[in-house]
Amino acid sequence: NSYADKKSLSQRKDDREQQRLWAIALIERMEPKLIRILRKWTSDMYLIEDVMLDTWEIMLKNMHTVENHPNPEGWIIKAAKYNMWKALKKQQNQW
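Enquirer: Sorry if this is basic, but what is going on with the packing of helix α2 (residues 45–61) against helix α4 (residues 72–94) here?
Expert: Two numbers describe a pair of packed helices, the interaxial angle and the distance between the axes. Two numbers describe how α2 lies on α4: the axes approach to 9 Å, and their chain directions differ by 130 degrees. As judged from the angle between their axes, α2 and α4 are oblique. The handedness of the crossing between α2 and α4 is right-handed. Contact with α2, carried on its side by L47, I48, V51, D54, T55, W56, I58 and M59, involves W75, I76, A79, A80, N83, M84, A87, L88 and Q91 of α4 and no other residues of that element. When the residues that make up the contact of α2 with α4 are grouped by side-chain class, the tally is 13 nonpolar, 3 polar and 1 charged.

Following this line, the structure appears as structure tokens:
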């Protein structure tokens, strides 16, 4: 039983590491594309960076969903657009 527990723990660590590497690769691949998409909405690079950070945070919180999604890049783009819409709406309400 102890050996099985250790093996299971080791497997979970390996799975988490694979998940981490997958997320890093996805973020690196998607970042330039997201910047291009979000720049269509605003030229404010600070806002774009904030929206992207929010998007990555949401992605990481929903990692299982994103990993198993048939189109993870599409999921991220949709989340980023929604986050940008919310941010612009919030900015507009401040004026």
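Enquirer: Just to check I follow, could you spell out a negative patch on the surface for this structure?
Expert: Together, E28, E31, E49, D50 and D54 give the surface a local cluster of negative charge. The element that contributes the greatest number of residues to the negative patch is α2, accounting for 3 residues. Relative to the helices and strands, E28 resides in helix α1 (residues 2–39).

Enquirer: Help me understand the nonpolar core, please; the structure alone is not making it clear to me.
Expert: Generally speaking, a soluble globular protein has its nonpolar side chains buried in company with each other. In this structure, M30, L34, L38, W56, M59 and I76 are the most contacted members of the largest nonpolar core, which totals 22 residues. Beyond its immediate stretch of four places on either side in the chain, W56 contacts I27, M30, E31, L34 and I76.

Enquirer: Help me out: how do you make sense of α2 in this one?
Expert: Every α-helix carries 3.6 residues per turn, so stepping three or four residues along brings you back to the same face. Between the first and last C-alpha of α2 there are 24 Å, a value that for 17 residues agrees with the 24 Å anticipated at 1.5 Å per step. Buried within α2 we find L47, I48, V51, M52, T55, W56 and M59. Between the side-chain oxygen at the start of α2 and the backbone nitrogen of Y46 there is a gap of 3.0 Å, and the oxygen is on D44.

Enquirer: What is the right way to read the pattern of salt bridges from this model?
Expert: Side chains carrying opposite charge are able to pair once their charged atoms draw close together. Tallying each qualifying case throughout the model produces 4 salt bridges. One salt bridge in this structure joins R29 and E73, with 2.7 Å as the shortest N-O distance. Here the residue R29 occupies a position in helix α1, and E73 occupies one in helix α4, the gap between them amounting to 44 residues.

Conventions used here
Residues numbered from 1 in each chain as written. Predicted model: local features only at pLDDT ≥ 70, side-chain atom pairs only at ≥ 80, totals over all residues. Heavy atoms only, no water. Axes fitted to C-alpha atoms, helices over the stretch in contact; angles between N-to-C directions. Helix = DSSP H or I, 4+ residues; strand = E, 2+ residues; numbered from the N terminus. Parallel < 35°, antiparallel > 145°, perpendicular 65-115°, else oblique. Left-handed = near helix turned anticlockwise from the far one by under 90°. Contact = heavy atoms within 4.5 Å. Nonpolar A, V, L, I, M, F, W, Y, C, P; charged D, E, K, R; others polar. Patch = residues over 30% accessible without salt bridge, like charges linked within 9 Å, V, L, I, M, F, W, Y side chains within 5 Å. Areas by Shrake-Rupley, 256 points an atom, 1.4 Å probe, with all protein chains shown as cover. Salt bridge = Lys/Arg side-chain N within 4 Å of Asp/Glu carboxyl O. Lys, Arg positive; Asp, Glu negative; His and termini not counted. Charge placed at Lys NZ, Arg CZ, Asp CG, Glu CD. Core = buried A, V, L, I, M, F, W, Y, C linked by side-chain atoms within 4.5 Å. Buried < 20%, exposed > 50% of the residue type's maximum accessible area, 1.4 Å probe, protein only. Expected span 1.5 Å × (residues − 1). Polar contact = N/O pair within 3.5 Å; in protein donor to acceptor, adjacent residues only side chain to side chain.

Everything listed is a geometric property; what it means functionally is a separate question.
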